[in-house]
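# Understanding the architecture of this molecule
Each chain is listed here by its residues.
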Amino acid sequence: MAQGYQGPVMLWSDLEVFLAAVRTGSYTAAGRQLDVNRTTVGRRVDALERALGTPLFEQTPLGYAPTPAGARLLAAAEAMEREVAAMLADIGGIGLRSAPIRIAGSGGIACEFLPELAAFRQAHPDVPIELLGELDPLDAVTQRRADLGIVLVRALPLRLTGVQVSTLRQSPYGIADSLPQLGWGYEFNAALPGGPWNSNPAGEVAQAAGLTTFNSWPQLKQAVLSGIGKASLWCFAADAEPALLRLAPPDPRQDCPLWLVHRAKAPPGPGLSQLIAFLEKRFAARCNQES
């Protein structure tokens, strides 16, 4: 009688844990996603490493990342995940459990894209979303507090990757030109120093000038709409407000790319991949309508 298969024994549930560990970047975050403790995640990954006889993670300057063997297992596990999801859809199964996709936006600008996020949820009700209150999405994504960053930055750091969806312009706006200038507060200036936001006075400069200051994009935009003062705003959003007057043409020196970013060493799962593809088209269509 022929002997049965004698190769490594791997369970799909262990591969799910491995996928979560790679995508979240840590055993602790993977445990939160899977509703298990960190020790359980480590034990399941250890079981895979013993079955395969090789380490699956290694320490790098950017934190833990898959080894070459781990990267090969990752590709196979992702292919299996896609096949399982397709099979469940074909037979009417309940589908794979999807953890919330955590989103952070530069200075709270993610709130400006709530219509696009709502449209995504209608198209993909099985992919939950969590909008964070982080001011600096680059830090939030790097430190694994967020899975996706809606980022205004001229160049991405090496630890992150993503897609540029548009280039945004900004101009001064107000309900009247005679209103006082508004600025950014200390908290905002500390989280996002310099960069494309410096078109409004910030931090000590704003305080020395006696300006009313704000610590997020939604606050500043609402203050301008309320007639408290005038400030530079992103044109794609401000031009959509009938009450606001553009007080000067956009300054090309203040243009800034808009990105959707995630960690370079953590390949996006199916839900995040769907979200990025969806938002890339919707953001480009909306932001490129600027006059």
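Described below are features of the structure shown in this document.

Another aspect to go through is the state of the cysteines. As enumerated under the stated definition, the model contains zero disulfides in all. Here C235 is not cross-linked by a disulfide; its sulfur's nearest cysteine counterpart is in C287, at 11 Å.

One pass over the full model with this rule turns up 11 salt bridges. In this structure, D147 and R102 form a salt bridge, with 2.8 Å as the shortest nitrogen-oxygen distance. Of this pair, D147 sits in the loop between α6 (137-142) and β5 (148-152) while R102 sits in strand β3 (residues 101-105); the two residues are 45 residues apart in sequence, bridging distant segments of the chain. Given the relative accessible area of 14%, D147 is considered buried. Judged by its relative accessible area of 15%, R102 is buried. In this structure, the salt-bridge partner of R286 is E116, at a minimum N-O distance of 3.2 Å.

Now for the nonpolar core. Residues I150, W234, L258 and L275 are the most contacted members of the largest nonpolar core, which totals 44 residues. With seven residues, the single largest contributor to this core is helix α11 (residues 270-287). Those residues in contact with L275, other than ones at most four positions away along the chain, are I101, I103, L117, F120, I129 and L148. Among the nonpolar cores identified, the runner-up in size contains 17 residues, and V17, V22, A30 and L56 belong to it.

Let us look at the packing of aromatic side chains. Applying the stated criterion across every chain, the model contains six aromatic pairs. Centre to centre, the rings of F113 and F236 are 5.4 Å apart; their planes meet at 10°, and the pair counts as stacked. Highlighted residues: F113 in the loop between β3 and α5 (114-123) and F236 in helix α10 (residues 235-238), separated in sequence by 123 residues. An aromatic cluster of at least three residues, connected via ring pairs, comprises F18, Y27 and F57.

Next up on the list: helix α1 (residues 12-24). For α1, built from 13 residues, the straight-helix expectation of 18 Å at 1.5 Å per residue is met to within 8% by its first-to-last C-alpha distance of 18 Å. Burial runs high along α1: 10 of the 13 residues are buried. Among the residues making up α1, those that are buried are D14, L15, V17, F18, L19, A20, A21, V22, R23 and T24. Immediately downstream of α1, the backbone of G25 shows phi near 90°, a positive value.

Let us look at the sheet that holds strand β4 (residues 129-131). Reading across the sheet, the five strands line up as β4-β3-β5-β12-β6 and stay open at both edges, with mixed pairing between neighbours. The open sheet is flanked by β4 and β6 (160-168), the only strands paired with a single partner. Averaged over all adjacent pairs, the angle separating strand axes in this sheet is 20°, with direction ignored. The sheet strands contacting α11 are β3, β4, β5, β6 and β12 (256-263), and the helix crosses β12 at an angle near 175°.

The rules we used
- Residues numbered from 1 in each chain as written.
- Predicted model: local features only at pLDDT ≥ 70, side-chain atom pairs only at ≥ 80, totals over all residues.
- Heavy atoms only, no water.
- Disulfide = S-S within 2.5 Å.
- Salt bridge = Lys/Arg side-chain N within 4 Å of Asp/Glu carboxyl O.
- Helix = DSSP H or I, 4+ residues; strand = E, 2+ residues; numbered from the N terminus.
- Buried < 20%, exposed > 50% of the residue type's maximum accessible area, 1.4 Å probe, protein only.
- Core = buried A, V, L, I, M, F, W, Y, C linked by side-chain atoms within 4.5 Å.
- Contact = heavy atoms within 4.5 Å.
- Phe/Tyr/Trp six-rings, centres within 6.5 Å; stacked < 30°, edge-to-face > 60°.
- Expected span 1.5 Å × (residues − 1).
- Pairing = 2+ DSSP bridges.
- Axes fitted to C-alpha atoms, helices over the stretch in contact; angles between N-to-C directions.

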